[in-house]
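Summary of the model geometry
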Amino acid sequence: MSLLHVEQLGKEFGGVRAVADLQFSIPAAKVFSIIGPNGAGKTTLLNLLTGVYVPSTGRILFEQRDLTGRAPYEFAACGIARTFQNLQVFFNMSALENVMVGRYLRERCSLPAALFRFPSLGRAEGAARAECEELMRFVGLGAYVAASSDAMPYGALKRLEIARALATRPRLLLLDEPAAGLNPIETLEIDALISKLADSGITVVLVEHNMRLVMGVSDHILVLDYGKQLAEGTADEVRRDPKVIEAYLGAGAAGDAAPAQGAH
Ligand SMILES: Nc1ncnc2c1ncn2[C@@H]1O[C@H](COP(=O)(O)OP(=O)(O)OP(=O)(O)O)[C@@H](O)[C@H]1O
Ligand SMILES: [Mg+2]
């Protein structure tokens, strides 16, 4: 059963076709990775799948519902959350408050309740706080529940963004390079966290240059090159595809090499 389906999806910036004619389906509760050289259109695709960009062509269907042209908050309300390639942490807030920002999407609070501080509001806030603390522990940040975000190391901030995205209670979570800049131990922890997310029923879309991570954790891989679909399949199928090897390593390299982190 596919959770998200795109048809003829494209995005142009002036004359640049950042994404062109994509067609694929993302199955539920799996890890679906998107790889490709620098500038291949991966982040643009995530921006399309979260409503940040309106497609130039094509359609986006989430659980058969057409979300094409909808605003980012509508994508979020449907159960789609994301993290960013460059950290987007509110450093003037505590770690827990950053996570609670995500939780507010699911809060229902009337104006009178907010104005007159009804007791129900305090109870709801307590429940939200407890849920966000639990999410911090889920992503491995139990030691930072009382921390100030500007005192956290980079690797922990990457996981804080995942906790904030989870606080919106997504069914589809898009991660843009969650392991970028992490050391090998932190990368292994992200690997385990991604598997844990999929096991818990959340569908994960992973954009990542770390091929060891991608090849190990993905159920399905989509390869982009110059905005187009170059290949699609399991890790084994993609790893052996001569077109993929050529895109990463250049013409003539299609031997037994696996894709490495690469640029055009
Ligand atoms: N807002 C924009 N305006 C104009 N061009 C853009 C915009 N966003 C992306 N592009 C262009 O679209 C192409 C795809 O960029 P994108 O950031 O999606 O690539 P990427 O696969 O995420 O690369 P990387 O691996 O380096 O993060 C590039 O040529 C980029 O310059
Ligand atoms: Mg990118």
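Notes on the structure follow. (Residues numbered from 1 in each chain as written. Chains lettered and ligands numbered in written order. Predicted model: local features only at pLDDT ≥ 70, side-chain atom pairs only at ≥ 80, totals over all residues. Heavy atoms only, no water.)

Concerning the coordination of the magnesium ion (ligand 2)
- Distances from the magnesium ion (ligand 2) to its protein donors, T43 (OG1) and Q85 (OE1), fall within 2.0 to 2.2 Å. In this pair, T43 sits in helix 1 (residues 42-49) while Q85 sits in the loop between strand 6 (80-82) and helix 3 (95-103), placing the two residues 42 residues apart along the sequence.
- Judged by relative accessible area, T43 falls into the partly exposed class, the value being 26%. (Donors = N, O, S within 2.8 Å, 3.2 Å for Na, K, Ca; no water. Helix = DSSP H or I, 4+ residues; strand = E, 2+ residues; numbered from the N terminus. Buried < 20%, exposed > 50% of the residue type's maximum accessible area, 1.4 Å probe, protein only.)

Notes on the sheet that holds strand 1 (residues 2-13)
- Spatially, 2-1-4-5 is the arrangement adopted by the 4 strands of the open sheet, whose pairing is antiparallel. Edge positions in the sheet fall to strand 2 (16-27) and strand 5 (65-66), since each of these pairs with one other strand and no more.
- Bridge count between strand 1 and strand 4 (residues 57-62): 5 bridges; the pairing is antiparallel. Across the sheet, the residue bridging to L4 is F62, located in strand 4.
- Packing of helix 1 onto the sheet brings it into contact with strand 1, strand 2 and strand 4, and relative to strand 1 it is tilted by some 120°. (Pairing = 2+ DSSP bridges. Contact = heavy atoms within 4.5 Å. Axes fitted to C-alpha atoms, helices over the stretch in contact; angles between N-to-C directions.)

Some points on the layout of surface pockets
- Considered as a void within the structure, the largest pocket measures approximately 400 Å³ in volume.
- As for the largest pocket, its lining consists of 19 residues, of which A76, A81, R82, F84 and T168 are closest to the centre.
- Contributions of two or more residues to the lining of the largest pocket are made by helix 2 (72-78), strand 6, helix 3 and helix 6 (154-166).
- It is helix 2 that provides the largest number of residues to the lining of the largest pocket, a total of 4 residues.
- Along the lines of polarity and charge, the residues of the lining of the largest pocket split into 12 nonpolar, 4 polar and 3 charged.
- Domain assignment of the residues forming the lining of the largest pocket places at least three in each of domain 1 (1-79 + 170-264) and domain 2 (91-156). (1 Å grid on protein atoms, 1.4 Å probe; cavity = no way out; pocket = protein on both sides within 12 Å on 5 of 7 lines; lining within 4 Å. Points joined across faces, edges and corners; volume = space filled by probe spheres on them. Nonpolar A, V, L, I, M, F, W, Y, C, P; charged D, E, K, R; others polar. Domains from an automatic or database assignment.)

Quick word on the pattern of salt bridges
- Applying the stated criterion across every chain yields a total of 12 salt bridges.
- Residues D66 and R59 are paired through a salt bridge, measuring 3.4 Å at the closest nitrogen-oxygen approach.
- What makes D66 partly exposed here is its relative accessible area of 31%.
- A salt bridge links R164 to E161; the shortest N-O distance between them is 3.4 Å. Of the two residues, R164 and E161 are both situated in helix 6; the distance of 3 residues between them amounts to about one turn of the helix. When sorted by exposure, R164 lands in the same class as E161, which is buried.
- Each of E7, R59 and D66 takes part in salt bridges that share partners, so that together they form one network. (Salt bridge = Lys/Arg side-chain N within 4 Å of Asp/Glu carboxyl O.)

Description of the site of ligand 1
- The environment of ligand 1 is formed by 14 residues, the closest being G39, K42, T43, T44 and Q85.
- Within the side chain of Q85, one N or O atom sits 2.8 Å away from an oxygen atom of ligand 1.
- Taken by itself ligand 1 offers 640 Å² of open surface, and the protein chains cover 63% of this.
- Tallying contributions element by element places helix 1 first for the shell around ligand 1, with 3 residues.
- Looking at the shell around ligand 1, its residues break down into 5 nonpolar, 7 polar and 2 charged. (Near = heavy atom within 4 Å. Polar contact = N/O pair within 3.5 Å; in protein donor to acceptor, adjacent residues only side chain to side chain. Areas by Shrake-Rupley, 256 points an atom, 1.4 Å probe, with all protein chains shown as cover.)

Some points on the pairing of strand 10 (residues 228-233)
- Pairing between strand 9 (residues 220-225) and strand 10: 5 bridges, direction antiparallel. Opposite V223, over in strand 10, you have A231 as the bridge partner.

Section: the nonpolar core
- Counting 49 residues, the largest nonpolar core has L160, I162 and L173 as the members making the most contacts within it.
- Ranked by residues supplied to this core, first place goes to helix 6 with 7 residues.
- Looking at which domains feed residues into this core, each of domain 1 (1-79 + 170-264) and domain 2 (91-156) supplies at least three.
- L160 has contacts with V89, A95, N98, V99, M136, L141, S149 and M152, leaving out every residue within four places of it along the chain.
- If you look at the next biggest cluster of nonpolar residues, it comprises 27 residues, including L3, F24, L67 and I80. (Core = buried A, V, L, I, M, F, W, Y, C linked by side-chain atoms within 4.5 Å.)

As for helix 7 (residues 184-199)
- Between its first and last C-alpha, helix 7 extends 23 Å over 16 residues, near the 22 Å set by a 1.5 Å rise per residue.
- Along helix 7, the residues that are buried comprise T187, I190, L193, I194, L197 and A198. Mapping the buried residues of helix 7 onto a view down its axis gives an arc of 135°, with all of them on the same face. Residues P184, I185, L188 and D199 are exposed on helix 7 and point more than 90 degrees away from its buried face.
- With a side-chain oxygen positioned 3.0 Å from the backbone nitrogen of I185, the residue opening helix 7 is N183.
- With its phi angle positive at about 100°, G201 sits one or two positions after the end of helix 7. (Expected span 1.5 Å × (residues − 1). Arc of directions from axis to C-beta.)

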